[in-house]
Number of protein chains: 2
Amino acid sequence: MISSRFSVAVHILTLLELHKSGRITSELIAGSVNTNPVVIRRMMSLLNKAGLIHSSPGVAGATLVRPLYEITLLDVYRAVQVGVQEELFAIHENPNPACIVGKNIQSTLETNFAKAQQAMEQELARVTLDQVANDILHAQS
Amino acid sequence: MISSRFSVAVHILTLLELHKSGRITSELIAGSVNTNPVVIRRMMSLLNKAGLIHSSPGVAGATLVRPLYEITLLDVYRAVQVGVQEELFAIHENPNPACIVGKNIQSTLETNFAKAQQAMEQELARVTLDQVANDILHAQS
DNA sequence: TATGTTGTAACGATTATAGTTACACAGCCA
DNA sequence: TGGCTGTGTAACTATAATCGTTACAACATA
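Here is what the cut-offs are and how they apply
- Residues numbered from 1 in each chain as written.
- Chains lettered and ligands numbered in written order.
- Predicted model: local features only at pLDDT ≥ 70, side-chain atom pairs only at ≥ 80, totals over all residues.
- Heavy atoms only, no water.
- Axes fitted to C-alpha atoms, helices over the stretch in contact; angles between N-to-C directions.
- Helix = DSSP H or I, 4+ residues; strand = E, 2+ residues; numbered from the N terminus.
- Parallel < 35°, antiparallel > 145°, perpendicular 65-115°, else oblique.
- Contact = heavy atoms within 4.5 Å.
- Nonpolar A, V, L, I, M, F, W, Y, C, P; charged D, E, K, R; others polar.
- Near = heavy atom within 4 Å.
- Polar contact = N/O pair within 3.5 Å; in protein donor to acceptor, adjacent residues only side chain to side chain.
- Salt bridge = Lys/Arg side-chain N within 4 Å of Asp/Glu carboxyl O.
- Buried < 20%, exposed > 50% of the residue type's maximum accessible area, 1.4 Å probe, protein only.
- Phe/Tyr/Trp six-rings, centres within 6.5 Å; stacked < 30°, edge-to-face > 60°.
- Least-squares fit on C-alpha atoms with pLDDT ≥ 70 in both.

> Mind laying out the packing of helix α1 (residues 5-18) of chain B against helix α3 (residues 37-49) of chain B, listing which residues take part and the relevant values?
All names here are of chain B. At a minimum axis separation of 10 Å, α1 and α3 run at an interaxial angle of 80°. As judged from the angle between their axes, α1 and α3 are roughly perpendicular. The segment α1 lies against α3, with Arg 5, Val 8, Ala 9, Ile 12, Leu 13 and Leu 16 engaging Ile 40, Met 43, Met 44 and Leu 47. For the contact of α1 with α3, a count of residues per class yields nine nonpolar, no polar and one charged.

> So, the protein's contact with DNA strand D: which residues are in play, and what are the values?
Near DNA strand D lie 24 residues; those nearest to it are Ser 4, Thr 35 and Arg 42 of chain A together with Ser 26 and Ser 55 of chain B. Contact between DNA strand D and Arg 41 of chain B: a base nitrogen at 2.8 Å from a side-chain N or O atom of the residue. Within the side chain of Arg 42 of chain B, a nitrogen or oxygen atom sits 3.3 Å from a base nitrogen of DNA strand D. Sorting the residues of the surface near DNA strand D by element identifies α3 (37-49) of chain A together with α3 of chain B as the ones contributing at least two each. A class-by-class count of the residues in the surface near DNA strand D yields eight nonpolar, twelve polar and four charged.

> Got a sec to walk through the pattern of salt bridges? Specific residues and values, please.
Residue and element names in this part refer to chain B. Using the criterion set out here, one finds eight salt bridges over all chains in the structure. Of the charged contacts, one joins Glu 17 and Lys 20 as a salt bridge, the two residues approaching to 3.3 Å between their closest N and O atoms. When its relative accessible area of 26% is taken as the criterion, Glu 17 is described as partly exposed. Accessibility expressed as a relative area gives 57% for Lys 20, which makes it exposed.

> Now, about the packing of aromatic side chains: what can you tell me, with residues and values included?
Given two aromatic rings, their pairing is described by the distance between the two centres and the angle made by the two planes. Scanning all chains against the criterion turns up eight aromatic pairs over all chains. With 5.4 Å between their ring centres and 65° between their planes, Phe 6 of chain A and Tyr 77 of chain A make a pair best called edge-to-face. Of the two residues, Phe 6 of chain A sits in helix α1 (residues 5-18) while Tyr 77 of chain A sits in helix α4 (residues 73-80), which places them 71 residues apart along the sequence. Relative accessible area serves as the criterion here: at 0%, Phe 6 of chain A is assigned to the buried category. A relative accessible area of 5% places Tyr 77 of chain A in the buried class. Here the aromatic rings of Phe 6 of chain A and Phe 89 of chain B are separated by 5.9 Å at their centres, their planes lie at 50°, and the arrangement is tilted.

> Just give me the short version of the relation of the copies chain A and chain B, but keep the residues and values in it.
Here chain A sits on chain B after a turn of 180° about the axis and a move of 0.0 Å along it, with an RMSD of 0.1 Å. The two molecules are tied by a two-fold rotation axis, judged by turn and shift. Among all residues of chain A, the one whose C-alpha sits closest to the rotation axis is Met 120 of chain A, at a distance of 2.4 Å. Taken together, the interface assignments show that 100% of the residues at the interface of chain A recur at the interface of chain B, consistent with an identical surface on both copies.

> Any details on the packing of α1 of chain B against helix α6 (residues 129-137) of chain B? Residues and values, ideally.
Residue and element names in this part refer to chain B. α6 packs onto α1 with a crossing angle of 80° between their chain directions and a minimal axis gap of 10 Å. Between α1 and α6, the interaxial angle falls into the category roughly perpendicular. Here Val 10, Leu 13, Thr 14 and Leu 18 of α1 lie close against α6, whose contacting residues are Leu 129, Val 132, Ala 133, Ile 136 and Leu 137. Among the residues forming the contact of α1 with α6, the class breakdown is eight nonpolar, one polar and no charged.

So this is what it looks like as structure tokens:
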């Protein structure tokens, strides 16, 4: 299961857009996400390193480096998956090479898994954050 | 990250096909996968419950209920994901409903995440196990 | 300078996974 | 029928990821 860091990151970026003019602290964001401010700051550190936002020590808030319509869900996904295995599917290691199945299964599955992962990522790449933000701000509920 | 149970299950099913005529024990399968026989039996228990194979206590091996060309990677994926959250993407819980973002982000993300997950699953559904087995048995390596 | 904020280290709690031991029970064969 | 082999499953351990939390140094600004 892909961690909720992804959804929290989208939440953060949406709030940054919404409070573009002012300065929103990690504490306020944490209040909306309903978690601890440090969790938010950790995530913003990742978004910062990925070049999606710009933040600096001591000063509240952060600014979007690119407009939301130039950020896709895939960009965010990759930003927060940093340090985690970039492969979506795990393959068991060290199968027995003396067995033809053990010898060849890894490369065969790699190919198939890569296709499935690409299909998923392409779908994420089709959605920009301004679409998401619009859906959120204009949801009928 | 999706657990290696998935790849192990494919490994097991391929071996069952390969040793269709005889009887292959969980110990032998474990030797090919390079793990503990209990891990294999646990997995076969899941495949059994999912109706993909038939095995019975005391008797070595298991038989495929359906031919490999009638089993897709998605079938296997679902069989071994049993009991795990069926949603691929986690969404943070209890965001603050007093904030418009907190109030609406879950449903918005659910929609987008569901599409990405479907794209991945459709790709898995396109591949049958006999294709995988053929790739494994005839790999150039 | 005083206050508030960020960035980050460190630690604990929780959970998923995978390996291992143990054993009851079922089937099979001499 | 008695012994051997194998399955099914519970129970325990180790490991790793995730998330929350406390603590604190460094920084910015009024």
